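# Descriptive analysis of the structure
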Amino acid sequence: MFEELDPILHSQLRLAVISLLISVKEAEFTFIKEKTNSTAGNLSVQINKLKAAGYIQVIKQFNNNYPQTICKITKEGVEAFELYVKALQSYMNPEGQ
Amino acid sequence: MPEKNFSPQESLQLIQSMIAKTRRDMGDNSIQFLLWGWVTFACCSGQFILKKFFHFDQHYVVWMMVIPATLASIYIGKKQNSKRKITTYIGDSMKYLWMGMGICYFILSMILTRIGWDKNIFPFFIMLYGLGTFISGKFLQFKPLVAGGLMAWALAIAATFFEYDYQMLFGAAAILVSYIIPAYLLRNKNSTASDV
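Residues numbered from 1 in each chain as written. Chains lettered and ligands numbered in written order. Predicted model: local features only at pLDDT ≥ 70, side-chain atom pairs only at ≥ 80, totals over all residues.

## Side note on the interface of chain A and chain B
The line we're drawing: The contact rule is simple: place each C-beta atom from the backbone, and if two of them lie within 7 Å, those residues are in contact. Labels follow the DSSP assignment, with helices taken as runs of H or I lasting at least four residues and strands as runs of E lasting at least two, numbered in each case from the N terminus. Each residue is assigned to one of three groups, with Ala, Val, Leu, Ile, Met, Phe, Trp, Tyr, Cys and Pro labelled nonpolar, Asp, Glu, Lys and Arg labelled charged, and all others, Gly among them, labelled polar. Here, a strand pair is defined by DSSP locating no fewer than two bridges between the strands.
On the chain B side, the residues contacting the 24 residues of chain A number 20 residues. Residue assignment for the side of chain A that touches chain B shows that the elements contributing at least two residues are α1 (12–22), β1 (26–28), α2 (29–36) and α4 (75–92) of chain A. With six residues, α1(A) is the largest single contributor of residues to the side of chain A that touches chain B. Taken together, the residues that form the side of chain A that touches chain B break down as ten nonpolar, ten polar and four charged. In the sheet, β1(A) pairs with strand β1 (residues 86–87) of chain B via two bridges, with the strands oriented antiparallel. Its bridge partner lying in β1(B), A:A27 is registered against B:I86.

In structure tokens, the structure reads:
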């Protein structure tokens, strides 16, 4: 059953990032870092993996002359998250199948 | 957050905890409710006092307070936006709802300027207060706002049985139950949640 879980999402930090982004329209990098208690370096690597998979969109911009990185879940990311949750549920309630 | 193999139960717990963390950061709109609540409450009761006790012809002049309040509201909104680290669909919906409500109040004021302010107009304003707070309460899943909206609608109907002067008091009462009291409760709830 574990094999069916999306390997991109079945990682603590990447799953935490996607779970944060699923309930908001967009979030700043600093917000994600604070909520996931991760280091900037590790978070950047994981965000790049999610971006490469097409699950999130990363927007770099300036706000009051300060650089700002905004992350946003994509349609593919929402679909992947829904499939991942479905797979988790079927694993936990096999009799419900 | 360390990387390690984790079970489906841990995955679900992680998802739940992350969603709960964003819910706590939905943003505090209570300051806007309090600003508009107190300004409109002061306008309604001020107009009643000027008309009933001082017999002042231009009793409606108190509503000029809305102009500095609008400027203050825009300033507060911009300041909050620059500090905000997340944008939520609920936040956006609330923004557009109240923007639309503001436009409705403005259009209603324009209509009344044309047809005359001495008509029994307060029930219409009270009905709109009720609509805004009812929908906001549903968006935020905050029962006192929903209840405030329902009470404002009841007050809108009740106000039609009274003459214009007393309708102002119904307006003030509607603002108290649909804006001010829920705003203090919302503020209290948000500060308790941020302490967790």
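## Here we look at the nonpolar core
The criterion, for reference: What we call a nonpolar core is a set of buried Ala, Val, Leu, Ile, Met, Phe, Trp, Tyr and Cys residues whose membership is set by joining through C-beta atoms within 7 Å. With C-beta atoms placed from the backbone, the exposure class of a residue follows from how many other C-beta atoms lie within 10 Å of its own: 20 or more, buried; 12 or fewer, exposed; in between, partly exposed.
Among the nonpolar cores identified, the biggest contains 27 residues, and A:V17, A:I18, A:L20, A:L21, A:A27, A:I32 and A:I56 are the most heavily contacted of them. Listed by contribution, the elements that provide at least two residues to this core are α1, α2, α3 (40–52), β3 (66–73) and α4 of chain A together with α1 (8–24) of chain B. With seven residues, α1(A) is the single largest residue contributor to this core. Non-local contacts of A:A27, meaning those with residues more than four positions away in its chain, are made with A:L20, A:L21, A:I32, A:C71, B:K85 and B:I86.

## Structural notes on helix α5 (residues 122–140) of chain B
All names here are of chain B. Under the convention used in this document: Multiplying one less than the number of residues by 1.5 Å gives the expected span of a helix.
With 19 residues, α5 should reach 27 Å at 1.5 Å per residue; the first-to-last C-alpha distance of 27 Å fits that figure. Three or more residues of α5 are buried, namely F122, P123, F125, I126, Y129, G130, G132, T133, F134, S136 and G137. Just beyond α5, the residue with positive phi is Q141, at close to 50 degrees.

## Here's the deal with the packing of helix α4 (residues 89–115) of chain B against α5(B)
All names here are of chain B. Definition in use: For helices, the axis comes from a line fit to the C-alpha atoms of the stretch in contact; other axes are also lines fit to C-alpha atoms, and the angle between any two N-to-C directions lies between 0 and 180 degrees. Small angles under 35 degrees read as roughly parallel and large ones over 145 as roughly antiparallel, with 65 to 115 read as roughly perpendicular and the rest as oblique.
Put simply, α4 and α5 touch, their axes get as near as 10 Å, and they point 175 degrees apart. When the axes of α4 and α5 are compared, the pair comes out roughly antiparallel. Of the residues in α5, those touching α4 at I90, S93, M94, L97, W98, M101, C104, Y105 and L108 are F124, F125, L128, G132, I135, S136, F139 and L140. Tallied by class, the residues present in the contact of α4 with α5 amount to 14 nonpolar, three polar and no charged.

## Description of the sheet that holds β3(A)
Strand pairs in the sheet, formed through backbone hydrogen bonds, run parallel or antiparallel to each other. The sheet built from four strands is open, its strands ordered β2(A)-β3(A)-β1(A)-β1(B) with antiparallel pairing. On the outer flanks of this sheet lie β2 (56–63) of chain A together with β1 of chain B, each paired with one strand and no other. For β1(A) and β3(A), the ladder comprises two bridges, and the chain directions are antiparallel. Directly across from A:A27, in β3(A), lies its bridge partner A:C71. Across the face of the sheet, α3(A) comes into contact with β2 and β3 of chain A while running at roughly 125 degrees to β2(A).

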